[in-house]
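# A structural walkthrough
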Amino acid sequence: MITFSRLLFDAWALFRREADLIVRIAAPFVFLPALAAQLLADPVPGFPATRDQPAIEAGLDKLTLWGQANAGWYLLADLIGLYGVAVLALMLADPARPDVGGALVKTLRLLPRFALASVLVAFPVGIGMWLVILPGLYAQARFAAVLPVLAAEQPLGAARSLGRSWRITAPA
């Protein structure tokens, strides 16, 4: 059974032992897609210089149009990044300890579950950030173990992994 302290200990040991491998997975699946999205997307429109209501509304309209036009790049980068993080989670937390090839294949099969868990985490974290930031940071910390829990405690579902993460990250 996974615990938060064990997860951190294993993560640090894995990083020290497999830093080269982690970088080789994180670079193409996490960092490179985020950079590509930044390069392929149009520049974010600037905020209006004047602070009157019509100028602010026009600026928000431009930002909305920019978001609609470029959402695909960012969603694709997020999905590829999630795949990379899920591969690392499987390599770290799966009791079978798959090799890179095995983790890549297994993650493809489990990607819908990882994606659903990511979306389920985004709701309380996003609402918490909207409420005054601290509740969102608290929710993010409590749900930090969702992907490793999914990797370690298969066939646990996405929704149950949130509850499990909430329990293992509870203050002592």
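Refer to the structure presented above.
This part is about unusual backbone geometry. Here the amide bond leading from Q154 into P155 is cis, since omega sits at 10°, within 30 degrees of zero. Positionally, P155 belongs in the loop between α5 (146–152) and α6 (158–168). If you check the backbone angles, I133 has positive phi at about 70° while not being a glycine. Within the element layout of this structure, I133 appears in the loop between α3 (100–132) and α4 (134–142).

A cluster of nonpolar side chains, contributed by L32, L35, L39, L40, W73 and L76, occupies part of the molecular surface with about 620 Å² of accessible area. Elements represented by at least two residues in the nonpolar patch include exactly α1 (4–40) and α2 (53–93).

Mapped onto the secondary structure, D10 falls in helix α1. Among the residues examined, D10 registers a relative accessible area of 18% and is labelled buried. Between the C-alpha atom of D10 and that of A93, which follows or precedes it by 83 residues, the distance is 8.1 Å.

Where α2 contacts α3, the axes come no closer than 8 Å and their chain directions differ by 120°. As judged from the angle between their axes, α2 and α3 are oblique. As α2 packs across α3, the resulting crossing turns out to be right-handed. Along its contact with α2, which presents L79, L82, Y83, A86, V87, L90 and M91, the element α3 presents V100, A103, L104, K106, T107, L108, L110, L111, F114, A115 and S118. Within the contact of α2 with α3, the residues separate by chemical class into 15 nonpolar, 2 polar and 1 charged.

Attention now goes to the packing of aromatic side chains. Applying the stated criterion to the full structure yields 5 aromatic pairs. Between the aromatic rings of F29 and Y83, the centroid separation amounts to 5.2 Å while the plane-to-plane angle is 70°, which identifies the pairing as edge-to-face. With a gap of 54 residues between them, F29 in helix α1 and Y83 in helix α2 connect regions that are remote in the sequence. Ring geometry for F143 versus W166: centroids 5.2 Å apart, planes at 45°, classification tilted. Pair noted here: F143 is in the loop between α4 and α5 and W166 is in helix α6, with a separation of 23 residues, a long-range link. These aromatic residues form a ring-pair network of at least three members: Y138, F143 and W166.

Before going further, it helps to spend a moment on α2. In a regular helix each residue adds 1.5 Å, so 41 residues correspond to 60 Å; α2 covers only 52 Å between its end C-alpha atoms and thus falls short of that length. Of all bends in α2, the biggest is about 55°, found at N70.

With that settled, the discussion passes to α4. Restricting attention to buried positions, one finds in α4 the residues G136, A139 and R142. Buried positions in α4, seen along its axis, are confined to an arc of 125° and lie on one side of it. Contacts from the buried residues of α4 go to α3 and α6.

Before going further, it helps to examine the packing of α3 against α4. Helices that pack against each other are described as a pair by the angle of their axes relative to one another and the distance between those axes. Two elements in contact, α3 and α4, have axes separated by 5 Å at closest approach and are oriented at 155°. Between α3 and α4, the angle falls in the class roughly antiparallel. Between α3, through P124, V125, G128, M129, L131 and V132, and α4, the contact on the second element is made entirely by L134, P135, G136, L137, A139 and Q140. In terms of residue class, the contact of α3 with α4 is made up of 9 nonpolar, 3 polar and no charged.

Conventions we followed
- Residues numbered from 1 in each chain as written.
- Predicted model: local features only at pLDDT ≥ 70, side-chain atom pairs only at ≥ 80, totals over all residues.
- Heavy atoms only, no water.
- Helix = DSSP H or I, 4+ residues; strand = E, 2+ residues; numbered from the N terminus.
- Patch = residues over 30% accessible without salt bridge, like charges linked within 9 Å, V, L, I, M, F, W, Y side chains within 5 Å.
- Areas by Shrake-Rupley, 256 points an atom, 1.4 Å probe, with all protein chains shown as cover.
- Salt bridge = Lys/Arg side-chain N within 4 Å of Asp/Glu carboxyl O.
- Buried < 20%, exposed > 50% of the residue type's maximum accessible area, 1.4 Å probe, protein only.
- Axes fitted to C-alpha atoms, helices over the stretch in contact; angles between N-to-C directions.
- Parallel < 35°, antiparallel > 145°, perpendicular 65-115°, else oblique.
- Left-handed = near helix turned anticlockwise from the far one by under 90°.
- Contact = heavy atoms within 4.5 Å.
- Nonpolar A, V, L, I, M, F, W, Y, C, P; charged D, E, K, R; others polar.
- Phe/Tyr/Trp six-rings, centres within 6.5 Å; stacked < 30°, edge-to-face > 60°.
- Expected span 1.5 Å × (residues − 1).
- Bend = angle between axes of the 7 residues up to and from the residue.
- Arc of directions from axis to C-beta.

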